[in-house]
Amino acid sequence: MALELTDANFEEKVLNSDKPVLVDFWAAWCGPCRMVGPVIDEISKEYEGKAVVGKVDVDANTEFAAKYGVRNIPTVLVFNKGELVGRQVGVSPKDTYTKAIDELL
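Residues numbered from 1 in each chain as written. Predicted model: local features only at pLDDT ≥ 70, side-chain atom pairs only at ≥ 80, totals over all residues. Heavy atoms only, no water.

You'll find the protein entered in an unreviewed UniProt entry as Thioredoxin, with Mesonia sediminis given as the organism. Entered under Sequence similarities (unreviewed entry) in the UniProt record, the comment concerning the protein runs "Belongs to the thioredoxin family." (UniProt positions renumbered as here; feature names shortened; annotations may be inferred.)

Below, the structure is given as structure tokens:
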């Protein structure tokens, strides 16, 4: 399972990570988010120890969604050394997400 990210732990787990980080911004009521969710969980298992893969429920955690301009969900952001380096809005194939991580490894 992907790491549950919140406004409280986002800075520690994402911005201060020494590994690449993939973050899925989603909501329970969002149909396309439910399509992306299992893919993100799969990637989390495959990249365990190599990258951080997490999810932010935008209904419960608005601070970083607002900070990074997440207006549509699902939105997947990629961070490297605390910097935003990639953004994918909407549903994408799994290899779109894994390629973004692989480029940083």
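*Asks:* Whenever I open this one, the environment of Gly 49 confuses me. Can you help?
*Replies:* Within the secondary structure layout, Gly 49 lies in the loop between helix H2 (31-46) and strand S3 (52-57). For the pair Gly 49 and Lys 19, spaced 30 residues apart in sequence, the C-alpha separation works out to 8.7 Å. (Helix = DSSP H or I, 4+ residues; strand = E, 2+ residues; numbered from the N terminus.)

*Asks:* Please explain the pairing of strand S2 (residues 21-26) as it appears in this structure.
*Replies:* Remember that side chains alternate between the two faces of the sheet whenever the strand is regular. Among the six residues that make up S2, five are buried, leaving the element largely enclosed by the rest of the structure. Note that S2 and S3 share six bridges and pair parallel. Bridged to Phe 25 within S3 is Val 56. Remark: the S2/H2/S3 crossover connection has right-handed handedness. (Buried < 20%, exposed > 50% of the residue type's maximum accessible area, 1.4 Å probe, protein only. Pairing = 2+ DSSP bridges. Right-handed = clockwise from strand over helix to strand, strands pointing away.)

*Asks:* Can you walk me through the packing of aromatic side chains in this structure?
*Replies:* Each pair of aromatic rings is reported with the distance of its centres and the angle of its planes. Tallied over the entire structure, the rule returns five aromatic pairs. Both rings, one in Phe 10 and one in Phe 79, keep their centres 5.9 Å apart while their planes meet at 80 degrees; by these two values the pair is edge-to-face. Residue Phe 10 is found in helix H1 (residues 10-15), and its partner Phe 79 is found in strand S4 (residues 75-80); the two are separated by 69 residues along the sequence. In textbook terms, an aromatic cluster arises when at least three aromatic residues are bridged by ring pairs, as seen for Phe 10, Phe 25, Phe 64, Tyr 68 and Phe 79. Directly above the aromatic system of Tyr 47 lies the positively charged group of Lys 50, at a separation of 5.1 Å from the ring centroid. (Phe/Tyr/Trp six-rings, centres within 6.5 Å; stacked < 30°, edge-to-face > 60°. Lys NZ or Arg CZ within 6 Å of the ring centre and 35° of its normal.)

*Asks:* Help me understand the state of the cysteines, please; the structure alone is not making it clear to me.
*Replies:* Put plainly, a disulfide is one covalent bond tying together the sulfur atoms of two cysteines. Counted under the stated rule, the structure contains one disulfide. Here Cys 30 is linked by a disulfide to Cys 33, with a sulfur-sulfur distance of 2.3 Å. Taking the torsion about the S-S bond as the criterion, the Cys 30 to Cys 33 disulfide, at about 80 degrees, is right-handed. Taking the relative accessible area as the measure of exposure, Cys 30 reaches 4% and is therefore buried. Cys 33 sits in the buried class, given a relative accessible area of 3%. (Disulfide = S-S within 2.5 Å.)

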